[in-house]
Structures are given as C-alpha cells and as structure tokens.
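What the coordinates show
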Amino acid sequence: MEEQLRRKSYISVGDIFFWTATINGWKHLIKDDEYKDIIINSFDFLSKKGLLDIFSFVIMPNHIHFIWRTNSLNGKETVQGSFLKFTAHEFRKKLQKEDPDFLDMFAVVKQNKKHEFWQRDSLAVHLTSKIIAYQKLDYIHNNPLAEHWSLVKDPNDYTYSSCSFYEKGEKRFEFLKDLRNEF
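What this report covers is the structure whose coordinates are included nearby. (Residues numbered from 1 in each chain as written. Predicted model: local features only at pLDDT ≥ 70, side-chain atom pairs only at ≥ 80, totals over all residues. Heavy atoms only, no water.)

**Re helix α4 (residues 130-142)**
- Spanning 13 residues, α4 covers 18 Å between terminal C-alpha atoms, matching the ideal 18 Å at 1.5 Å per step.
- Those residues of α4 lying buried are Ala 133, Leu 137, Ile 140 and His 141. Seen along its axis, α4 keeps its buried residues to an arc of 90 degrees; they face one direction. For α4, exposure combined with an orientation more than 90 degrees from the buried face picks out Ile 131 and Gln 135.
- The inward-facing, buried residues of α4 abut β1 (16-22), β2 (52-59), β3 (63-70) and α5 (163-168). (Helix = DSSP H or I, 4+ residues; strand = E, 2+ residues; numbered from the N terminus. Expected span 1.5 Å × (residues − 1). Buried < 20%, exposed > 50% of the residue type's maximum accessible area, 1.4 Å probe, protein only. Arc of directions from axis to C-beta. Contact = heavy atoms within 4.5 Å.)

Quick look at the structure:
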C-alpha cells in the first residue's frame, strides 16, 4: 500500500508508533478516574495476551496518547480496533447506569452502533528513530502540564501517565515496557 493512500491511523504490526485517540466532539468523557481505569484495564488485558507492548501513555480528559507496538492481530481484528471497541462498550455500559443524558451526547444513527465515543481515524506516527521516539515521549509526559490543562505542577504526579516510570523508576502499571530498550 502506498504511504500517501494509508489512513493517518494506519499501524503496521511489529513497528512502534505514537498514537493519539480523541473522544468524539472533544467531550471530557475520560476526566473521571473510573473511565481512565477502563483504558488501563484494556491495556493490561491486551498486554497480558501478548497482543501489544505499551511503552508510554497519558490519559487526558478528552484524549489519549501512547507509544505502543502491536504484536499481532486479535483474531481478525486489529489490536487498536479491539481497544477502541472494548473501551466504547465499557463507556456505554457505565453511562447507561450513571449518566444517560451524557450518553445521549454520543448518539449516532448508524447500522452497526447507537453511540460513537472515539473520533474516527486516530493519529498514528511511525517512530523510526530514537530522536523522534524521545520527542514523543517528552510530549506525552508533559501533556498534563499544558497551560489549558494545568492538571499537575510536576508530570511525575499525574497518575494516569508513564512519566514516573521513566523519571523515578516507579512501576505503577504492570504492562509498561521500557522504550529505551528499543532504540
């Protein structure tokens, strides 16, 4: 497939990518920790199955960034497809119980679904060098400090990030692998 014909979300199995997914309409769905935990649980599950390696991540109120490698398909489905589908189903179940009005904000008229939580065509950037990989790593870890977020003063204090793994050697998340071993 020619590079210019690929979708911006294209990920090749076995390669390392910086990946961004955004909540539909930039709504702050994943502001609360319970929604962030759905994402963490999906990472953990897919990692334990050997389907992906997570090297870095940050979960923001309305988007996520990670550096990852998919190792194989999940049956006939891409790993990123499995991730997006699982998290969407869990978001829907939680909102049905706790906030049906907010759930209605994600309603769509489509044959295969009633709600759409993730914007289509996530951004994937193939990391081909140590320099680019470390630039993306810094970007991910500093995202909570951005002026419009100001979620923490020190990136190591943001719980839903891999920053403290790299800066302090803390292993809060079993699934994390060290990007420094890859380049």
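**Digging into the pattern of salt bridges**
- Enumeration according to the criterion identifies 12 salt bridges in this entry.
- Ionic pairing is found between Lys 36 and Asp 33, a salt bridge with its closest N-O pair at 3.6 Å. Of this pair, Lys 36 and Asp 33 are both found in helix α1 (residues 33-48), three residues apart, which corresponds to roughly one turn of the helix.
- Judged by relative accessible area, Asp 33 falls into the partly exposed class, the value being 41%.
- Its salt-bridge partner being Lys 93, residue Glu 90 comes within 2.9 Å of it at the nearest N-O pair. Remark: Lys 93 and Glu 90 occur in helix α2 (residues 79-98); sequence separation between them is three residues, near one turn of the helix.
- For Glu 90, a relative accessible area of 22% corresponds to the partly exposed category.
- Among the charged side chains, a salt-bridge network with shared partners connects Asp 53, Arg 69, Lys 177 and Glu 182. (Salt bridge = Lys/Arg side-chain N within 4 Å of Asp/Glu carboxyl O.)

**Points about α1**
- For α1, which comprises 16 residues, the first-to-last C-alpha distance of 22 Å matches the rise-based estimate of 22 Å (1.5 Å per residue) to within 8%.
- Among all positions of α1, only Tyr 35, Lys 36, Ile 38, Ile 39, Ile 40, Ser 42, Phe 43, Leu 46 and Ser 47 are buried.
- Its buried side turned inward, α1 meets β2, β3 and α2.
- Phi turns positive, to about 75 degrees, at Gly 50, one or two residues after α1.

**A look at the sheet that holds strand β4 (residues 123-126)**
- The strand order β2-β3-β1-β4 describes an open sheet built from four strands, whose pairing is antiparallel. Looking at the sheet topology across the chains shown, the edges are occupied by β2 and β4. Across this sheet, the average inter-strand angle for adjacent strands is 20 degrees, counted without regard to direction.
- In the sheet, β2 pairs with β3 via seven bridges, with the strands oriented antiparallel. Counted as the bridge partner of Ile 59 is Ile 64 from β3.
- Helix-sheet contacts for α1 involve β2 and β3, and the interaxial angle to β2 is about 170 degrees.
- Most of the contacts of α4 go to β3, to which it runs at about 145 degrees, and overall it touches β1, β2, β3 and β4. (Pairing = 2+ DSSP bridges. Axes fitted to C-alpha atoms, helices over the stretch in contact; angles between N-to-C directions.)

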